Amino acid sequence: MAALAAGAAALMVAAGCGSAGGSGGGDSITLGFAQVGAESGWRTANTKSVRQAARDAGIELKFSDAQQKQENQIKAIRSFIQQRVDVIAFSPVVESGWDTVLKEAQRADIPVVLTDRAIDSPDTSLYETFLGSDFVEEGRKAGRWVTEEFGDAEGTVRIAELQGTTGSAPANDRKQGFAEVIGNDAKYKIVASQTGDFTRAKGKEVMEAFLKSAGEIDVLYAHNDDMALGAIEAIEGAGLKPGEDIKIVSVDGVKDALQAAADGEINYVVECNPLLGPQLMDLVKKVAAGEQVPKRVEVEETAFDQQAAEKALPDRKY
Ligand code: AHR
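Residues numbered from 1 in each chain as written. Predicted model: local features only at pLDDT ≥ 70, side-chain atom pairs only at ≥ 80, totals over all residues. Heavy atoms only, no water.

**A short note on the site of the ligand**
Move 1: As a matter of local geometry, the ligand sits amid E39, S40, W42, R43, D116, R117, F135, P170, R174, F198, N224 and D252.
Move 2: Within the side chain of E39, an N or O atom sits 2.4 Å from an oxygen atom of the ligand.
Move 3: D252 places a polar side-chain atom, nitrogen or oxygen, 2.6 Å from an oxygen atom of the ligand.
Move 4: Applying the majority rule of atoms within 2 Å of the grid points places the ligand in the largest cavity.
Move 5: Mapped onto the shell around the ligand, the elements with two or more residues apiece are α2 (41–57) and α6 (169–182).
Move 6: Each residue belonging to the shell around the ligand can be placed in one class, and the counts come to 4 nonpolar, 2 polar and 6 charged.
Move 7: Looking at the shell around the ligand, you find at least three residues from each of domain 1 (30–132 + 274–300) and domain 2 (135–272). (Near = heavy atom within 4 Å. Polar contact = N/O pair within 3.5 Å; in protein donor to acceptor, adjacent residues only side chain to side chain. 1 Å grid on protein atoms, 1.4 Å probe; cavity = no way out; pocket = protein on both sides within 12 Å on 5 of 7 lines; lining within 4 Å. Sits in = over half its atoms within 2 Å of the grid points. Helix = DSSP H or I, 4+ residues; strand = E, 2+ residues; numbered from the N terminus. Nonpolar A, V, L, I, M, F, W, Y, C, P; charged D, E, K, R; others polar. Domains from an automatic or database assignment.)

Laid out in structure tokens, this is it:
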């Protein structure tokens, strides 16, 4: 009898009986994750990383895809609140307009983690932490490459810019960082700038329009690789050589872009790391346990010229 009782007690501990928790009860953590969408190669890699890391960490993941629409993300967050998940994480489609729904999460006592993209609310109590990249610095890196590449050029350097999703943190910040650097020299002129919504199809469409209306273009600065890859098709379609007739700098570092750089079609790729899953799950566990976490956690990133891209290609997983 004593052995039986001891066995039953051990089973209860293993099942986590008697401990506190959110929706599921017990020790297991339920994470509601509201993703931006599936607009780019970067995003696909990010989603895979989050899903895999949740499995590895034993965290139950409720995943929602907002299809690049803020209203869908707000609905998903409200649904996570109703389901009483332990932690909500999300990558905000745009920077503004989150206070109301995040106050609802706060009132429900559900901690929020921002990942990949930040929000612009002055009320930083609405989230525990942010995990992601320094997008302004990514823009600066792209700008520095342009000023080095065209340092000796005489006359105006005419730049076309494919912006990311309007109102999103990476579009705002990458524009700002780039402008900071090229703004110091009057010879750099942005002759066309429009959103391509971070997609390949839009990148192609907008570049086609630029080529018809913007006059000569020396450089294309694309806020992400997918738009640069779409633009390459447009440039070729116009009978020009991408990487030569029009130099290209883009941001992300997905395999297709590194391949295009190795093939001479993209000149410089600034890395934005999508493999945030493992670090996100560590933060989620800490936040769920009520531990203090840093307010901002930035990931390490590099940049690739054509040679470095060729070297990195065999190990690139996404
Ligand atoms: O927020 C990160 C950006 O979003 C990536 O650069 C882009 O590819 C994605 O869609």
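Once you've had a look at it, read on.
**Let's talk about the side chain of E95**
Move 1: With respect to the helices, strands and loops of the structure, E95 is situated in the loop between β3 (87–90) and α4 (99–107).
Move 2: In this structure E95 is buried but unpaired, with R296 as the nearest side chain of opposite charge at 8.5 Å.
Move 3: Here N172 takes part through its side chain, which lies 2.5 Å from a polar atom of the side chain of E95.
Move 4: Beyond its immediate chain neighbours, meaning those up to four positions away, E95 contacts A118, I119, D120, G167, S168, A169 and N172. (Buried < 20%, exposed > 50% of the residue type's maximum accessible area, 1.4 Å probe, protein only. Lys, Arg positive; Asp, Glu negative; His and termini not counted. Salt bridge = Lys/Arg side-chain N within 4 Å of Asp/Glu carboxyl O. Contact = heavy atoms within 4.5 Å.)

**Let's talk about the pairing of β3**
Move 1: Burial along β3 is two-sided: V87 and A89 and I88 and F90, pointing in opposite directions, are all buried.
Move 2: Note that strand β1 (residues 30–35) and β3 share 4 bridges and pair parallel. What sits directly across from L31, in β3, is V87.
Move 3: Pairing of β3 with strand β4 (residues 112–116) involves 3 bridges; the strand directions are parallel. Residue I88 lies in a different strand from β4, and its bridge partner there is V112.
Move 4: Handedness of the β-α-β unit built from β3, α4 and β4 comes out right-handed. (Pairing = 2+ DSSP bridges. Right-handed = clockwise from strand over helix to strand, strands pointing away.)

**Observations regarding the sheet that holds strand β9 (residues 247–252)**
Move 1: Spatial ordering of the open sheet is given by β7-β6-β8-β9-β10-β12, a layout of 6 strands whose pairing is mixed. The open sheet is flanked by β7 (188–195) and β12 (303–305), the only strands paired with a single partner. Mean inter-strand twist for the sheet, computed between neighbouring axes without regard to direction, equals 15°.
Move 2: Where β9 lies against strand β10 (residues 268–271), 4 bridges are found, and the strand directions are parallel. Along β10, the bridge assignment pairs V251 with V270. (Axes fitted to C-alpha atoms, helices over the stretch in contact; angles between N-to-C directions.)

**Comments concerning unusual backbone geometry**
Move 1: Phi at D197 is positive, roughly 55°, even though this residue is not glycine.
Move 2: Judged by its relative accessible area of 26%, D197 falls in the partly exposed class.
Move 3: Even without being a glycine, D252 presents a positive backbone phi close to 140°.
Move 4: With respect to the secondary-structure elements, D252 resides in strand β9.

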